[in-house]
Amino acid sequence: MSGALDLFSIAAISVGGFFFLAGTVGLLRFPDPLCRLHALTKVDNLGLGFIVLGLIARSDGVFGALKLVAIWALVQLAGATSAQLIARAIRRKEQIGAKSAGGSPAA
Amino acid sequence: MNALGAVDLGLALLVLAIAGWTIAAREAFAAIVGYVAYGLLLSIVWARLFAVDVAMTEAAIGGGVTGVLLISAAARLRQAQTAEDERPTLPLRLMAAALSALAAIALGAVILSLPEPGPSLAPLAAKNLAATGVGNPITAVLIAFRSFDTLLEKVVLLLAIIGVWSLAPDRYWGGAPIAPRAARPVGALTFLAQLVAPIGVVVGVHMVWVGADEPGGAFQGGAILAAMWMIVMMARLSEAPPVGAPWLRAALVAGPAVFLIAGASGAVTSGAFFALPQAFAKPLILIIEAFMTLSIAVTLPMLVAGPPRRAPL
């Protein structure tokens, strides 16, 4: 029984690690900021989700497992919010850039 | 080398690389982002050294609160905008580099010349842990065995607040600071603040409470509570209070004051300044921790909010 649980932990944490690796590649290789942001938030969700899933199998009792799930949920919330804020800042910068480029060509 | 050794080595190299990158970064904002990442990595290092309490403090204070402080400082510097134009001359830069290298060499020499194993009071502290009634040796050391140092650390925070406030122009004295915040309400940030603040308050209080027996304590819990107040102010759900408000002043001095009273009463009841009577040691430690948490939770956001920038009402 514990052997199967260990196997499940290893598999889930490895999948989580793979997602983090893929997200890091995306962060480095994707062409524009919004795409990179997309890679980052996906990884936060899936990568951390799988790692938490793998760790739940090893947690001591229900409260430990609930704490892990709470950590995952809080990271989701923080990640989604900061992604929103960064995307908003990028768009505002682009709008300002477009306005100053189109508005006064002489300057 | 086993797997954990490889992780430790990689971690050490990563910390050094980020530290170098932070120093080399041209732009203040990039340097601050590097510094926050450095703080988070350092907290993993502390966790690997089995110093979970230090790891939590490093993540909360070194990574989180200091990061916010530095970002708001950088934003204020950008308004002044002089540093970019006035680059230091070559001799000045060389002298600064020489001084930094000298300090690094001196520190390295001191650390390498320490006796092995280093002098330690740990066995003595562990032997007398039972007398304090708390189970977490870190809390026992902070509040009971070296309480005077801990008191002075809180007083330093208080001095920092006085220093920040004293930058206020006369006409704003007693008025409210304007905390760093979104230019106008942003839906996502408002949602985060409304959802996370109640959860964070529970987590912060929980951290202080379990700090008696497990990793945690006034500093870590207080920093979480402080972060919640900062988020609420950043999302424009609340305003920073005027610095003249009596409740604010009371909350700021409550921790050091209660600590000092407990210490002074020790001189009467137990025969030594800061000696805690053994029968009441644990409740006294918990009371001191509770008031210190309050003071930390109020001090840190007020440091971030900066000097008063509004006329008093």
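Starting from 1, residues in each chain are numbered consecutively following that chain's sequence as written. To label them, take the chains in the order written and letter them from A, then take the ligands in the order written and number them from 1. Local features in this predicted model are restricted to residues of pLDDT 70 or higher, and side-chain atom pairs are both shown and tallied only at a pLDDT of 80 or more, whereas totals for entire chains, interfaces and linings draw on every residue. In computing side-chain properties, one takes all heavy atoms of the structure into account and sets aside hydrogens as well as water.

Trainee: Is there a simple way to think about the overall build of chain A in this case?
Mentor: A count of helices and strands for chain A gives three helices and zero strands. A compact globule built from 107 residues should have a C-alpha radius of gyration of about 13 Å, whereas chain A, at 20 Å, is more than 25% larger. When the backbone C-alpha atoms are referred to their principal axes, chain A occupies close to 75 × 25 × 10 Å. Exposure classes here rest on a 1.4 Å probe applied to the protein chains alone. A residue is buried below 20% of its type maximum, exposed above 50%, and partly exposed in between. Looking at the 107 residues of chain A, the share that counts as buried comes to 19%. Note on conventions: DSSP H or I runs of at least 4 residues are helices, E runs of at least 2 residues are strands, and numbering of each starts at the N terminus. Put simply, the radius of gyration uses C-alpha atoms, and a globule should come to 2.2 Å times the residue count raised to 0.38.

Trainee: Could you clarify how one ought to interpret the overall build of chain B in this entry?
Mentor: The number of helices and strands found in chain B is twelve helices and zero strands. When the helices and strands of chain B are placed in sequence order, the string is α-α-α-α-α-α-α-α-α-α-α-α. When the backbone C-alpha atoms are referred to their principal axes, chain B occupies close to 60 × 60 × 40 Å. Across the 313 residues that make up chain B, the buried fraction comes to 36%. Two residues qualify as a contact provided that any one of their heavy atoms is within 4.5 Å of a heavy atom in the partner residue. Of all intrachain contacts in chain B linking residues separated by at least 6 positions in sequence, the fraction that spans at least 24 positions is 76%. Accessibility throughout is a Shrake-Rupley quantity obtained with a 1.4 Å probe, and a residue counts as covered only by protein chains that appear here. As displayed, chain B has an accessible area near 17700 Å², and 74% of this comes from carbon and sulfur atoms. None of His or the chain ends enter the tally, which takes Lys and Arg as positive and Asp and Glu as negative. A single reference atom marks each charge: NZ on Lys, CZ on Arg, CG on Asp, CD on Glu. On chain B, the mean spot of the 17 positive side-chain charges and the mean spot of the 15 negative ones are 9 Å from each other.

Trainee: Would you take a moment to explain the confidence of the model for chain A for this structure?
Mentor: Residues and elements named next belong to chain A. On a range of 0 to 100, pLDDT expresses the predictor's confidence in each residue. Mean pLDDT over chain A: 85, with 92% of residues reaching 70 or higher. Across chain A, the element-wise mean pLDDT spans from 85 in helix α3 (residues 62-103) up to 90 in helix α1 (residues 2-29). Of the regions scoring below 50 in pLDDT, residues 103-107 engages in zero contacts with residues more than four places distant in sequence or in other chains.

Trainee: Explain the domain arrangement of chain B here, please?
Mentor: A common way to state how big an interface is: give the accessible area lost once the parts meet. Residue and element names in this part refer to chain B. Throughout the structure description, domain borders are defined by an automatic or database domain assignment. In terms of domains, chain B is made up of domain 1 (1-78) and domain 2 (124-313). The interface of domain 1 with domain 2 comprises eleven residues on the first partner and 19 residues on the second. We define buried area as the total accessible area lost by two parts upon association, computed with a 1.4 Å probe and summed across both. Between domain 1 and domain 2, a total of about 1200 Å² is buried, with carbon and sulfur atoms accounting for 74% of that surface. Salt bridges are defined as contacts in which a side-chain nitrogen from Lys or Arg sits within 4 Å of a carboxyl oxygen from Asp or Glu. Linking domain 1 with domain 2 are zero salt bridges, by the criterion used here. Polar contact criterion, stated in full: a pair of N or O atoms within 3.5 Å, where within protein one must be able to donate a hydrogen and the other to accept it, and residues adjacent in sequence count only if both atoms are side-chain atoms. The interface formed by domain 1 and domain 2 holds three residue pairs in polar contact (both at pLDDT 80 or more) in total. Among the residues forming the side of domain 1 that touches domain 2, the class breakdown is seven nonpolar, two polar and two charged. Charged means Asp, Glu, Lys or Arg here, nonpolar means Ala, Val, Leu, Ile, Met, Phe, Trp, Tyr, Cys or Pro, and polar covers whatever is left, Gly included.

Trainee: So what exactly am I meant to see when it comes to the packing of aromatic side chains here?
Mentor: Aromatic rings from Phe, Tyr and Trp, taking only the six-membered ring of Trp, are treated as a pair when their centres fall within 6.5 Å; an angle between ring planes under 30 degrees marks them as stacked, one over 60 as edge-to-face, and anything in between as tilted. As enumerated under the stated definition, the model contains three aromatic pairs over all chains in all. Centroid distance F18 of chain A to F19 of chain A: 6.0 Å. Interplanar angle 65°. Geometry classified as edge-to-face. F19 of chain A gets classed as partly exposed once you look at its relative accessible area, which sits at 25%. Pairwise contacts between aromatic rings join F18, F19 and F50 of chain A into one cluster. Over a ring means this: the NZ of a Lys or the CZ of an Arg is within 6 Å of the ring centre and within 35 degrees of the ring normal. Lying over the aromatic face of Y172 of chain B, R171 of chain B brings its terminal NZ or CZ to 4.5 Å of the ring centre.

Trainee: Whenever I open this one, the UniProt feature "domain: MrpA C-terminal/MbhD" (unreviewed entry) in chain B confuses me. Can you help?
Mentor: When the UniProt feature table is mapped onto this chain, "domain: MrpA C-terminal/MbhD" (unreviewed entry) is found at residues 13-78 of chain B. As annotated, residues 13-78 of chain B has a helix share of 91% and a strand share of 0%, and its two end C-alpha atoms lie 32 Å apart. UniProt positions are given in the numbering used here, feature names are shortened, and annotations may be inferred rather than shown by experiment.

Trainee: Is there a simple way to explain the UniProt feature "transmembrane region" (unreviewed entry) in chain A in this structure?
Mentor: Residue and element names in this part refer to chain A. Here the UniProt feature "transmembrane region" (unreviewed entry) sits at residues 6-27 and 69-90. The span residues 6-27 is 100% helix and 0% strand, and its two end C-alpha atoms sit 31 Å from each other. The straight-line gap between the two end C-alpha atoms of residues 69-90 is 31 Å; of that span, 100% is helix and 0% is strand.

Trainee: What is the right way to look at the side chain of S147 of chain B in this model?
Mentor: Residues and elements named next belong to chain B. By the element assignment, S147 lies in helix α8 (residues 147-165). Here S147 falls in the buried class, since its relative accessible area comes to 4%. Each residue touching S147, except ones within four places of it in the same chain, is listed here: V141, L142, F259 and F274.

Trainee: Explain the nonpolar core to me, please; I cannot follow it from the model alone.
Mentor: A general feature of soluble globular proteins is that nonpolar side chains tend to end up buried together. Residue and element names in this part refer to chain B. If you look at the biggest cluster of nonpolar residues, it comprises 26 residues, and the most contacted ones within it are W165, L248, L252, V298, L300 and M302. At the level of elements, α3 (52-80), α8, α10 (218-234), α11 (246-269) and α12 (281-305) are the ones that each hand at least two residues to this core. A per-element tally of this core places α12 first, with seven residues. Look past the residues within four positions of M302 in its chain and what remains in contact with it is I161, W165, P177, W229, P241, V243 and L248. Note on terminology: a nonpolar core comprises buried Ala, Val, Leu, Ile, Met, Phe, Trp, Tyr and Cys residues joined through side-chain atoms within 4.5 Å. Listed in part, the 14 residues of the second largest apolar core include V134, A218, A262 and F274.

Trainee: Hey, could you run me through the side chain of Q220 of chain B in this one?
Mentor: Residue and element names in this part refer to chain B. With respect to the helices, strands and loops of the structure, Q220 is situated in helix α10. According to the relative accessible area criterion, Q220 is buried, its value standing at 6%. Polar side-chain contacts of Q220 include one of 3.2 Å to the side chain of T57. Not counting the four nearest positions on each side in its chain, Q220 is found in contact with D53, M56, T57 and M207.

Trainee: Which parts of the structure should I look at to understand the confidence of the model for chain B?
Mentor: Note that predicted coordinates carrying low pLDDT should not be read in detail. Residues and elements named next belong to chain B. In the predicted model, chain B carries a mean pLDDT of 87, and the fraction of residues at 70 or more is 97%. Ranking the elements of chain B by mean pLDDT puts helix α6 (residues 129-132) last with 76 and helix α4 (residues 90-112) first with 93. Across the assembled chains, the prediction reports ipTM 0.80 with pTM 0.85.

Trainee: How should the environment of A251 of chain B be read in this particular structure?
Mentor: Residue and element names in this part refer to chain B. As for its position among the elements, A251 is in helix α11. We classify A251 as buried; its relative accessible area is 8%. Here the alpha-carbon distance between A251 and V268, two residues 17 residues apart in the chain, equals 26 Å. Each residue touching A251, except ones within four places of it in the same chain, is listed here: L294, S295 and V298.

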